[in-house]
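Spelled out, the chains give:
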Amino acid sequence: MQSNFTLIDLVSQRHAVRKYLHDFDTAAKLEWIAAHGTIRTVSSGFRETYAFESRLGLTAGFFFDDLGDFVFLGDHYTFQ
C-alpha cells in the first residue's frame, strides 16, 4: 500500500495518522501500518491488541475502540 505519508513514530504522529486513515477500515489500517514497520498481535485478554515497531525501532502498543479509533497503551494508562 503506497502513500506519501512517512510513518516514523506512531505515538507522536498519532493525530496525523488518525486523520490520514480516517476512512480506512481496521484491516486496511493494520495493512498500512505494517507497510511502515513490524506489527504483531499481543494477547491482552481484553481486545485484539497490537505492538508496532517502526523501521527506526520506535514502538507503540495499541488497540481499536468500538468506533475503530486508535487507543494507545502507556505504562499505566491508555490515551488517544
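The preceding data block contains the structure.
Since this is a predicted model, take the numbers as computed values, not measurements.

*Asks:* How should the pairing of strand E3 (residues 59-64) be read in this particular structure?
*Replies:* Residues in a regular strand point their side chains to alternate faces of the sheet. Across the six residues that make up E3, a large majority, five, are buried. Sheet topology places strand E2 (residues 49-54) next to E3; five bridges connect them, and they run antiparallel. Following the sheet pairing, Tyr50 is matched in E3 by Phe62. Connecting E2 to the antiparallel partner E3 that follows it, the hairpin turn spans four residues, and Gly57 within it adopts a positive phi of roughly 90 degrees.

*Asks:* Please clarify how helix H2 (residues 26-34) should be interpreted in this entry.
*Replies:* Since the α-helix advances by 3.6 residues per turn, residues separated by three or four positions end up pointing in the same direction. Buried within H2 we find Ala28, Lys29, Leu30, Trp32 and Ile33. Buried-residue contacts for H2 involve helix H1 (14-20), strand E1 (37-42), E2, E3 and strand E4 (70-73).

*Asks:* Would you mind going over the pattern of salt bridges with me for this structure?
*Replies:* Two side chains that carry opposite charge are able to pair once their charged atoms sit near each other. Enumeration over the complete set of coordinates arrives at two salt bridges. Here Asp69 and Arg18 are joined by a salt bridge, their closest N and O atoms 2.7 Å apart. Linking Asp69 in the loop between E3 and E4 with Arg18 in helix H1, this pair joins segments that are 51 residues apart in sequence. For Arg47, the salt bridge is made with Asp66, and the minimal N-O distance between the two is 2.8 Å. Here Asp66 lies in the loop between E3 and E4 and Arg47 lies in the loop between E1 and E2, a separation of 19 residues in the sequence.

*Asks:* Sorry if this is basic, but what is going on with the packing of aromatic side chains here?
*Replies:* Think of a pair of aromatic rings as described by two things: how far the centres are apart, and how the planes are tilted against each other in angle. If you walk through the whole model with that rule in mind, you get 12 aromatic pairs. With centroids separated by 5.6 Å and ring planes inclined at 80 degrees, the aromatic side chains of Phe62 and Phe64 adopt a geometry described as edge-to-face. The two residues Phe62 and Phe64 agree in class, both being buried. When the centroid spacing of 6.2 Å and the interplanar angle of 50 degrees are considered together, the rings of Phe62 and Phe72 count as tilted. Placement of the pair is Phe62 in strand E3 and Phe72 in strand E4, with a sequence separation of 10 residues.

What counts and how
- Residues numbered from 1 in each chain as written.
- Predicted model: local features only at pLDDT ≥ 70, side-chain atom pairs only at ≥ 80, totals over all residues.
- Heavy atoms only, no water.
- Buried < 20%, exposed > 50% of the residue type's maximum accessible area, 1.4 Å probe, protein only.
- Helix = DSSP H or I, 4+ residues; strand = E, 2+ residues; numbered from the N terminus.
- Pairing = 2+ DSSP bridges.
- Contact = heavy atoms within 4.5 Å.
- Salt bridge = Lys/Arg side-chain N within 4 Å of Asp/Glu carboxyl O.
- Phe/Tyr/Trp six-rings, centres within 6.5 Å; stacked < 30°, edge-to-face > 60°.

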